[in-house]
Amino acid sequence: MLKLEKIGPVHWEFVYPVEFERTWDNYDKAVDLLMIGRLKEAEKELKRILRHLPDHLDALHHLAIIKEQMGDTESAFYIWGQAIRLGKKAFPDKFKLGRDRLEWGFLNNRPFLRCMHAYGLSLLERGNKKEALSIFEEILLLNPNDNQGVRELVVDLYFSFQQPEKVLEICRLYPDDIIPGVLYGRPLALFQLNRKEEATEHLEKAVKLSPLIARELLKKKHKRPLIHPDMVTVGGEDEAYLYWEGSRNFWNGTPGAIEWLKEVYNNTKKCKEDF
């Protein structure tokens, strides 16, 4: 059975039974098969592991990925939910969400955090925004370092629920963040709250750090660049396009925001040219 053990004042880590170690060769084989597209064979290997270790969270996670790639999104959704339920059974009563941490830096915690992230994304795809937000908020409480980029999803959801104050709460947790959702989300939230002077200060910073995002938001026509499925170029055209694709409704839906962005962008560009 999975266990969760305290390893510091607020830090916890999953502890796996010794039987898990005996499955690594089969697990690695399954992942390799998945990577080269031999889905049926990978599925068979993972199911063999799960027959003996039904709470092998990484096996469940990759089985769900296989189901999703096969087009069986219903089974994938169920498997990720099952993985979360199994993981939470290991949480003792004395674990307090918001105080205690299940950080990504401890390798044994990653399978559970991966399953939570994937389950939240599945909820989003189903249109269950409130449930997805709850999952993502919980991930941030467990792992405030947010190695998975969940904060950007939370910002988007707060904007969709018209909660700019909540957006700023997230931004305050990551004051020097350059992830687009936070970098450009902070000034937009401030603008929505009629704090224009402060908003302009942060927007100027955002434009200087990631000017391609501002340019993409201001374009009349948008051409999708080459986008790698597993990587985004920081400051690149792909990053700018993906931000526009996900956040254009928040900017276009905020009266005066695009005109304000254009003014700040032009002024920032002029200052740079003058220098």
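Quick note: structure is the one above.
Residues numbered from 1 in each chain as written. Predicted model: local features only at pLDDT ≥ 70, side-chain atom pairs only at ≥ 80, totals over all residues. Heavy atoms only, no water.

**Student:** Could you give me a rundown of the pattern of salt bridges, with the residues and numbers involved?
**Tutor:** In the structure shown here, the tally under the stated rule is 15 salt bridges. Its salt-bridge partner being Glu41, residue Arg38 comes within 2.7 Å of it at the nearest N-O pair. Take Glu41: its relative accessible area is 36%, and that puts it in the partly exposed class. Ionic pairing is found between Glu216 and Lys219, a salt bridge with its closest N-O pair at 3.1 Å. (Salt bridge = Lys/Arg side-chain N within 4 Å of Asp/Glu carboxyl O. Buried < 20%, exposed > 50% of the residue type's maximum accessible area, 1.4 Å probe, protein only.)

**Student:** Mind laying out unusual backbone geometry, listing which residues take part and the relevant values?
**Tutor:** If you check the backbone angles, Asp146 has positive phi at about 50° while not being a glycine. Examined against the element boundaries, Asp146 turns out to sit in the loop between α7 (129–142) and α8 (150–160). Here Asp146 falls in the buried class, since its relative accessible area comes to 4%. A positive phi angle, close to 55°, is found at Gln162, a residue other than glycine. Here Gln162 shows up in the loop between α8 and α9 (164–173). (Helix = DSSP H or I, 4+ residues; strand = E, 2+ residues; numbered from the N terminus.)

**Student:** Before we move on, can you summarise the nonpolar core with the specific residues and values?
**Tutor:** Of all hydrophobic cores here, the largest spans 86 residues; its most connected members are Phe14, Phe112, Tyr184 and Trp251. Excluding its chain neighbours within four sequence positions, the residues that come into contact with Tyr184 are Leu203, Ala206, Val207, Ser210, Pro211, Ile213, Ala214, Leu217, Tyr243 and Trp251. (Core = buried A, V, L, I, M, F, W, Y, C linked by side-chain atoms within 4.5 Å. Contact = heavy atoms within 4.5 Å.)

**Student:** I'd love a proper account of the packing of aromatic side chains, names of residues and values included.
**Tutor:** Throughout the structure, instances matching the rule amount to 15 aromatic pairs. Between the aromatic rings of Phe191 and Trp260, the centroid separation amounts to 4.4 Å while the plane-to-plane angle is 15°, which identifies the pairing as stacked. Linking Phe191 in helix α11 (residues 185–192) with Trp260 in helix α15 (residues 257–274), this pair joins segments that are 69 residues apart in sequence. Accessibility classification places Phe191 together with Trp260 in one group, the buried group. One aromatic cluster is present, formed by Trp12, Phe14, Tyr16, Phe20, Phe91, Phe95 and Phe112 through successive ring pairs. The ring of Tyr174 is capped by Arg151, whose NZ or CZ atom sits 5.0 Å from the centre of that ring. Over the ring of Trp244 we find Arg248; its NZ or CZ atom is 4.6 Å from the centre of that ring. (Phe/Tyr/Trp six-rings, centres within 6.5 Å; stacked < 30°, edge-to-face > 60°. Lys NZ or Arg CZ within 6 Å of the ring centre and 35° of its normal.)

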